[in-house]
Amino acid sequence: MDQHEGGDNADRPYWLSTPQQDFTALVDFIMPEVEARLRRDGVFAPFGALMAREPYRGDIELHDEPMPDKKDGNAQLDHLKQALRERVGRSYQRAAVVAANCTVLLPGSGKQAEAAVLMCTHRDGTAANFVYPYTITNGRVTFAPLEMAEGTQDIFPPIRLRPWIRESCPPRPVGYKVGLFLFHGLEREAILHRMHLSETGRPEGDNPAPAAIASLPDGWTVVWFNDPAAALHHATHMETYAAGCTVLSLFVDEPDYVTQATGHANGAQLWTVRHVGTSRTRAQPGGPHDLHMTGTPPAQLATIVTAMRKEEADSGYLPDMIDFYFDIPVELIHALTGFQYCQRDYDNGRVTFDTLLQGVPEG
C-alpha cells in the first residue's frame with residue numbers, strides 16, 4: 001500500500017496533485033457562483049479564480065476584476081485574463097479558471113445556446129474548457145450535460161526548462177522542488193544514522209515519498225527529499241554529515257528556476273555553484289545567465305558551462321525562452337556521480353528508491 005493512500009487529502013503533499021484534480025476543484029468552486037449570478041442577473045461578466053501551489057487541495061481565491069466601461073465581451077475577457085497573468089507572474093499559483101457567458105453551437109443539432117464556459121489552465125501547460133449550456137425559467141437556472149473541449153494555455157507563461165533533458169523524468173505538474181544529498185565513502189546504514197532517518201523496507205511506488213534512498217553504481221548513495229523544508233533542515237548539517245567522507249548536495253526549484261550544487265569533504269565545504277533564473281526583487285538578482293560560485297568548483301564545471309553556452313547558441317531559441325543555465329549545477333552533479341534527478345533509467349539498470357521515515361535506525 002502506498003504511504004499516501006487512504007489518508008486525509010489535507011495531509012497529502014502538494015506535489016501529488018494533478019491538473020485533472022485541480023480543474024475539477026476549480027469547476028466545483030466556481031460553478032455555484034456562476035449559477036448565483038445567472039439567477040440574480042440572467043447574465044454575468046467574466047470572472048475567475050486562482051489556485052495556490054500549496055497545499056494538496058490548493059487554496060482557491062475568487063478573482064473578480066473591475067471591468068472596463070465597455071459592453072464588448074471580448075474586451076472584458078481580455079482585461080480579466082491580463083489581470084490573471086499579472087497575478088500569476090508575481091505569486092505562486094498552480095492553476096486558474098476563467099468563467100465567461102458565451103453563445104455556443106450545440107453538438108449534433110448545430111443550434112445556438114447560452115452557456116457558461118469555464119476555461120481552465122495549469123502551470124504545466126495543460127488546458128481544458130468546460131462548457132455548461134443553460135436555460136433560465138422563472139429565475140431557475142438549469143444546466144445541460146457538460147460538454148468538454150480543448151483549451152488554450154493563455155494565463156501561465158511557457159515552461160522554460162529544457163524539455164528533452166526530462167523525457168524520462170516522471171511528470172510532476174507542480175514542478176520539481178527537491179533536495180538531494182549524495183554520499184561517497186560512507187556506508188548506507190551510517191548515512192541514515194547521521195541523518196536521523198530509517199528505512200521502511202518498501203520501494204517507492206507510483207507516488208513519490210517525502211524522503212527516499214537509493215544506492216548508485218561507483219559507491220554513491222543518494223538521499224532524496226521531496227519536502228523542501230526537510231531538505232533545507234538537512235542542508236544546515238552538511239559539515240557534520242561530511243565527516244570522514246564526501247557529500248554533494250543538489251537543490252532544484254523548477255517553478256522559480258533555481259538550482260544549487262555544493263561539495264563537502266571531511267567536514268568542510270569546498271565549493272558552491274548556484275543559478276537563479278528569475279529575479280523577483282532587486283535584493284535577489286538573477287536571470288537566464290546567472291551563475292554564482294564560491295570556493296574551488298570541480299574542473300568539470302568549465303567544460304559544462306562551455307557546452308551549455310554552445311547548446312544555447314545553436315538552439316535557435318530567442319534569449320530567455322529556455323533557461324539553459326538552470327541545468328549547469330544539475331549536469332555538474334551528473335558528471336561527478338553519474339546521477340540526474342530527472343532520470344531513472346541508466347545503461348546498467350533502473351535506479352530504485354526505498355522510502356524513508358524520520359527516526360534513528362536501531363543500533
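Model, not experiment: these values are computed from the prediction.

**A short note on the overall build of the chain**
Then step 1. Along the backbone of the chain there are seven helices and 18 strands.
Then step 2. Expressed as a percentage of contacts within the chain between residues at least 6 apart in sequence, the contacts between residues at least 24 apart total 62%.
Then step 3. In the chain, which carries 31 positive and 47 negative side-chain charges, the distance between the mean positions of the two groups comes to 5 Å.

**Side note on the sheet that holds strand β14 (residues 268–276)**
Then step 1. Read across the open sheet, the nine strands follow the order β9-β18-β10-β11-β8-β12-β13-β14-β15; overall the sheet is antiparallel. The sheet is open, and its two borders are formed by β9 (197–203) and β15 (292–295), each paired with just one other strand. The sheet shows a mean angle of 20° between the axes of neighbouring strands, direction not considered.
Then step 2. Summarising the sheet, strand β10 (residues 211–215) and strand β18 (residues 354–358) pair through two bridges and their orientation is antiparallel. Across the sheet, residue Ala212 finds its bridge partner in β18, namely Thr355.

**Considering the pattern of salt bridges**
Then step 1. Evaluated as defined, the whole model comprises 15 salt bridges.
Then step 2. In this structure, Lys81 engages Asp154 in a salt bridge whose closest nitrogen and oxygen atoms are separated by 2.7 Å. With Lys81 in helix α2 (residues 73–90) and Asp154 in the loop between β7 (147–150) and β8 (177–184), this residue pair connects regions lying 73 residues apart in the sequence.
Then step 3. Judged by its relative accessible area of 21%, Asp154 falls in the partly exposed class.
Then step 4. Salt bridges sharing common partners tie together Glu33, Arg37 and Asp64.

**Things to note about the domain arrangement of the chain**
Then step 1. With domains assigned, the chain is organised as domain 1 (14–150) and domain 2 (177–358).
Then step 2. For domain 1 versus domain 2, the separation of C-alpha centres amounts to 39 Å.
Then step 3. On the domain 2 side, the residues contacting the nine residues of domain 1 number eleven residues.
Then step 4. Across the interface of domain 1 and domain 2, roughly 780 Å² is buried in total on both sides, 51% from carbon and sulfur atoms.
Then step 5. The three residues of domain 1 that bury the most area against domain 2 are Trp15, Arg53 and Tyr92, which together make up 57% of that side's buried surface.
Then step 6. At the junction of domain 1 with domain 2, the criterion picks out zero salt bridges.
Then step 7. Taken together, the connections running from domain 1 to domain 2 amount to one residue pair in polar contact (both at pLDDT 80 or more).
Then step 8. Considering only residue class, the side of domain 1 that touches domain 2 consists of four nonpolar, two polar and three charged.

**Describing a nonpolar patch on the surface**
Then step 1. Nonpolar side chains collect at one region of the surface, where Trp164, Tyr317, Leu318 and Met321 lie side by side and expose about 400 Å² of accessible area between them.
Then step 2. Summarising the element assignment, Trp164 is placed in the loop between β7 and β8.

**Observations concerning unusual backbone geometry**
Then step 1. Cis geometry is found at the peptide bond from Glu54 to Pro55, where omega equals 0°.
Then step 2. For Pro55, the location among the structural elements is in the loop between β1 (47–52) and β2 (60–63).
Then step 3. For Asn138, which is not glycine, the phi torsion reads 55° and is therefore positive.
Then step 4. Take Asn138: it is sitting in the loop between β5 (127–137) and β6 (140–143).
Then step 5. Backbone geometry places Asp218, a non-glycine residue, at a positive phi of 65°.
Then step 6. Within the secondary structure, Asp218 sits in the loop between β10 and β11 (220–225).

**Considerations on the nonpolar core**
Then step 1. With 38 residues, the main nonpolar core has Leu180, Leu182, Phe339 and Tyr341 as its most contacted residues.
Then step 2. Of all elements in the fold, only β8, β10, β11, β12 (246–253), β14, α6 (300–315) and α7 (327–337) reach the threshold of two or more residues within this core.
Then step 3. If we ignore the near neighbours within four places in the chain, the residues touching Leu182 are Leu216, Trp220, Thr221, Val222, Thr246, Val247, Leu248, Ile333, Thr337 and Phe339.
Then step 4. Listed in part, the 22 residues of the second largest apolar core include Phe23, Phe47, Ala49 and Val97.

**Digging into the packing of aromatic side chains**
Then step 1. For the structure shown, the criterion picks out twelve aromatic pairs.
Then step 2. Taking 5.8 Å as the distance between ring centres and 90° as the angle between the ring planes, the aromatic pair formed by Phe181 and Phe251 counts as edge-to-face. Here Phe181, found in strand β8, pairs with Phe251, found in strand β12; they are 70 residues apart in sequence, far enough to count as distant.
Then step 3. What makes Phe181 buried here is its relative accessible area of 0%.

**Structural notes on the environment of Phe143**
Then step 1. Its location among the elements puts Phe143 in strand β6.
Then step 2. Under the relative-accessibility criterion, Phe143 is labelled partly exposed at 24%.
Then step 3. C-alpha separation for the pair Phe143 and Val131, spaced twelve residues apart in sequence, amounts to 9.8 Å.

Definitions and limits used
Residues numbered from 1 in each chain as written. Predicted model: local features only at pLDDT ≥ 70, side-chain atom pairs only at ≥ 80, totals over all residues. Heavy atoms only, no water. Helix = DSSP H or I, 4+ residues; strand = E, 2+ residues; numbered from the N terminus. Contact = heavy atoms within 4.5 Å. Lys, Arg positive; Asp, Glu negative; His and termini not counted. Charge placed at Lys NZ, Arg CZ, Asp CG, Glu CD. Pairing = 2+ DSSP bridges. Axes fitted to C-alpha atoms, helices over the stretch in contact; angles between N-to-C directions. Salt bridge = Lys/Arg side-chain N within 4 Å of Asp/Glu carboxyl O. Buried < 20%, exposed > 50% of the residue type's maximum accessible area, 1.4 Å probe, protein only. Domains from an automatic or database assignment. Buried area = accessible area lost by both parts, 1.4 Å probe. Polar contact = N/O pair within 3.5 Å; in protein donor to acceptor, adjacent residues only side chain to side chain. Nonpolar A, V, L, I, M, F, W, Y, C, P; charged D, E, K, R; others polar. Patch = residues over 30% accessible without salt bridge, like charges linked within 9 Å, V, L, I, M, F, W, Y side chains within 5 Å. Areas by Shrake-Rupley, 256 points an atom, 1.4 Å probe, with all protein chains shown as cover. Core = buried A, V, L, I, M, F, W, Y, C linked by side-chain atoms within 4.5 Å. Phe/Tyr/Trp six-rings, centres within 6.5 Å; stacked < 30°, edge-to-face > 60°.

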